[in-house]
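# Survey of secondary and tertiary structure
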Amino acid sequence: SAIWTFQTDLTKRLLAWSVLSILAGLYLWFTPNDFNRGFGIQCVLWGLVDAGIALFGARSAARRKSTADPKNEAKYIRRLLWINFGLDFLYILIGVSILHFLSAPFWQGTGWGIIVHGAFLLFFDLIHALLVPAEVT
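Attention in this report is confined to the structure presented alongside it. (Residues numbered from 1 in each chain as written. Predicted model: local features only at pLDDT ≥ 70, side-chain atom pairs only at ≥ 80, totals over all residues. Heavy atoms only, no water.)

### Considerations on the nonpolar core
Our working definition: Side-chain atoms within 4.5 Å are what join buried Ala, Val, Leu, Ile, Met, Phe, Trp, Tyr and Cys residues into a set we call a nonpolar core. The rule is simple: take the accessible area with a 1.4 Å probe, protein chains only, and divide by the maximum for that residue type; under 20% is buried, over 50% is exposed, in between is partly exposed. Comment: elements are numbered from the N terminus, with helices defined as DSSP H or I runs of at least four residues and strands as E runs of at least two. Note on definitions: a residue-residue contact is assigned when non-hydrogen atoms from the two residues lie within 4.5 Å.
Of all hydrophobic cores here, the largest spans 17 residues; its most connected members are I3, F6, L10, L14, I77, L81 and V132. Among the secondary structure elements, those contributing two or more residues to this core are α1 (2–29), α2 (34–64), α3 (70–101) and α4 (105–131). At 5 residues, the largest contribution of residues to this core is made by α1. Setting aside anything within four residues of it in sequence, one finds L14 in contact with D50, I53, A54, L121 and F124.

Laid out in C-alpha cells, this is it:
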C-alpha cells in the first residue's frame, strides 16, 4: 500500500536531516565562537529528537503494518503532520523570543538554531501533510 511506502520515505528523510543536523552541530558546538556554540548545541539537540521521532515512527509503523487499515493509517499520518505543522510555529516563536530578550552571542545562536530547525520542520511537515497518499482501499 502507498501509505507504507510514504511512511518509509518520510522516516528516511527525517533521519537524514537529523544526521546532518547532528554532524553540523557537533562541528559548531566545539568552536570558540559563542554564537556557533549556541547554534551547534541546538543542531545536536534537534537532531537527536528528530532521529528519535524517526526511529520510533518507523518501529511503530512496522508494528501497525500487519493490522492497520491503510485508509485509517493515512488519516492518522496526515493528522499527525498537521498537528506538528502547528507546533512548528510555536518553536519559531520561541526562537524569535530568545533573539528579542537575550542579546548575548550564545543566546542569539540558540535562538537562530531553534528558528532554523523550526522552519525546516514547518516546511517538512507541510509538504508531507499535503503529499500523504489518499488511500481508497
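### A short note on the packing of α1 against α2
Rules: Structural elements are reduced to axes, namely lines fitted to C-alpha atoms, with helices fitted over the stretch in contact, and the angle between N-to-C directions of any two is expressed from 0 to 180 degrees. Roughly parallel covers angles under 35 degrees, roughly antiparallel covers those over 145, roughly perpendicular covers 65 to 115, and oblique covers all other angles. Working rule for handedness: look at the near helix, and if it is turned counterclockwise from the far one by less than a right angle, call the crossing left-handed; if clockwise, right-handed. Gly falls in the polar group here, along with every residue not listed as nonpolar (Ala, Val, Leu, Ile, Met, Phe, Trp, Tyr, Cys, Pro) or charged (Asp, Glu, Lys, Arg).
For the pair α1 and α2, interaxial distance at closest approach is 7 Å and the crossing angle is 155 degrees. Classified by the angle between their axes, α1 and α2 sit roughly antiparallel to one another. Considering only the axes of α1 and α2, their crossing is left-handed. A breakdown of the residues in the contact of α1 with α2 according to their chemical character gives 19 nonpolar, 8 polar and 3 charged.

### Notes on the packing of aromatic side chains
The condition that has to hold: Within 6.5 Å between ring centres, the rings of Phe, Tyr and Trp (the latter by its six-membered ring) count as paired, and their orientation is classed by plane angle as stacked under 30 degrees, edge-to-face over 60, tilted in between.
Counted according to the given criterion, the structure contains 8 aromatic pairs. Here the aromatic rings of W46 and Y91 are separated by 5.2 Å at their centres, their planes lie at 70 degrees, and the arrangement is edge-to-face. Residue W46 is located in helix α2, and its partner Y91 is located in helix α3; the two are separated by 45 residues in the primary sequence. Centre to centre, the rings of F85 and F89 are 5.2 Å apart; their planes meet at 85 degrees, and the pair counts as edge-to-face.

Remember, this is a structural readout, not a statement about activity or role.
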